[in-house]
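A structural walkthrough
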Amino acid sequence: MNLYLRYFDREILVNTVEDAIDFLAGIDEIGMNPQLEKDIRDYCESNVVYPKRYKIRPRVYFIIIKTEAATMQDFKDKKAVHTAGAPARQSANVQTRLTEERYGWYEGRIDFKRVSMVPGTGKFQYRDTHFEACCKAESGLDCYNRIVDHLSQCVDPRSQFPSVKGKNFQFRFLGLCK
């Protein structure tokens, strides 16, 4: 894994953390110190693939990006950028699992924003609420719809339910019905 660093118009592509720290130490405005060096080393050794932005002063930053690019030109041409193909494939897989018809028992878990009244003030607020249920359904999507229909009858209509495709809804097929 290589590292791309940029501070205004100064940029470099390096393959070691030491080279990255040497580059940053050569820029007086950054003010390299042991704490910043440790943070950069921790970021580079972590599994995080998102770019990291470090604040120098108000509205002034430098950025570090992990990349598979071997050269600066490859990086500029975006040849080694994480493609959107994998998430799209995963999204298609979630959609397929949701609509796959298997009549039986499903366990569904949903985290939603429930509107509730604060007793002391009489005002309303959103509260994160977790709900689990087992139900007979034809698919994961049907399980979601049954849970949301049930909750819609029990909670304030201003409550907000997550997307069926999001991380706040999970389901598991338990088995066939008799």
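Below or above, wherever it landed, is the structure these notes cover. Since the model is a prediction, treat every value here as computed from it, not as a measurement.

**Examining the side chain of lysine 66**
Position of lysine 66 relative to the elements: it lies in strand 4 (residues 60-67). We note that lysine 66 is buried and unpaired, the nearest opposite charge coming from glutamate 45 at a distance of 9.3 Å. Of the polar contacts made by the side chain of lysine 66, one reaches the backbone oxygen of tyrosine 43; its length is 2.8 Å. Setting aside residues no more than four positions away along its own chain, lysine 66 makes contact with Met1, Asn2, Leu3, Tyr43, Cys44, Ser46, Asn47 and Val48.

**Things to note about the packing of aromatic side chains**
If you walk through the whole model with that rule in mind, you get eight aromatic pairs. An angle of 50° between the planes, with centres 6.1 Å apart, marks the rings of tyrosine 106 and phenylalanine 171 as tilted. Placement of the pair is tyrosine 106 in strand 5 (residues 104-117) and phenylalanine 171 in strand 7 (residues 169-175), with a sequence separation of 65 residues. Of the two residues, tyrosine 106 and phenylalanine 171, both sit in the buried class. Relative to phenylalanine 169, the ring of tyrosine 144 has its centre 5.0 Å away and its plane inclined at 75°; by these criteria the two rings are edge-to-face. Here phenylalanine 169 lies in strand 7 and tyrosine 144 lies in helix 5 (residues 140-154), a separation of 25 residues in the sequence. Each of the two residues, tyrosine 144 as well as phenylalanine 169, counts as buried.

Cut-offs applied
Every residue gets a number counted from 1 within its own chain, in the order that chain's sequence is written. Side-chain atom pairs in this predicted model are given and counted only at pLDDT of 80 or more, local residue features only at pLDDT of at least 70, and totals for whole chains, interfaces and linings cover all residues. By convention in this description, side-chain values take in all heavy atoms of the structure and omit both hydrogens and water. Strands here are runs of E lasting at least two residues and helices are runs of H or I lasting at least four, both read from the DSSP assignment and numbered beginning at the N terminus. Think of it in three bands: residues with accessible area under 20% of the maximum for their type are buried, residues over 50% are exposed, and the middle band is partly exposed, with areas taken using a 1.4 Å probe on protein chains only. The charge count includes Lys and Arg as positive and Asp and Glu as negative, but it does not include His or the ends of the chains. Criterion for a salt bridge: a side-chain nitrogen of Lys or Arg within 4 Å of a carboxyl oxygen of Asp or Glu. Nitrogen and oxygen atoms within 3.5 Å of one another constitute a polar contact, given that in protein one can donate a hydrogen and the other can accept it, and given that sequence-neighbouring residues count only through two side-chain atoms. Two residues qualify as a contact provided that any one of their heavy atoms is within 4.5 Å of a heavy atom in the partner residue. Side-chain rings of Phe, Tyr and Trp (the six-membered ring for Trp) are treated as a pair once their centres are within 6.5 Å; stacked means planes under 30 degrees apart, edge-to-face means over 60, and tilted covers the remaining angles.

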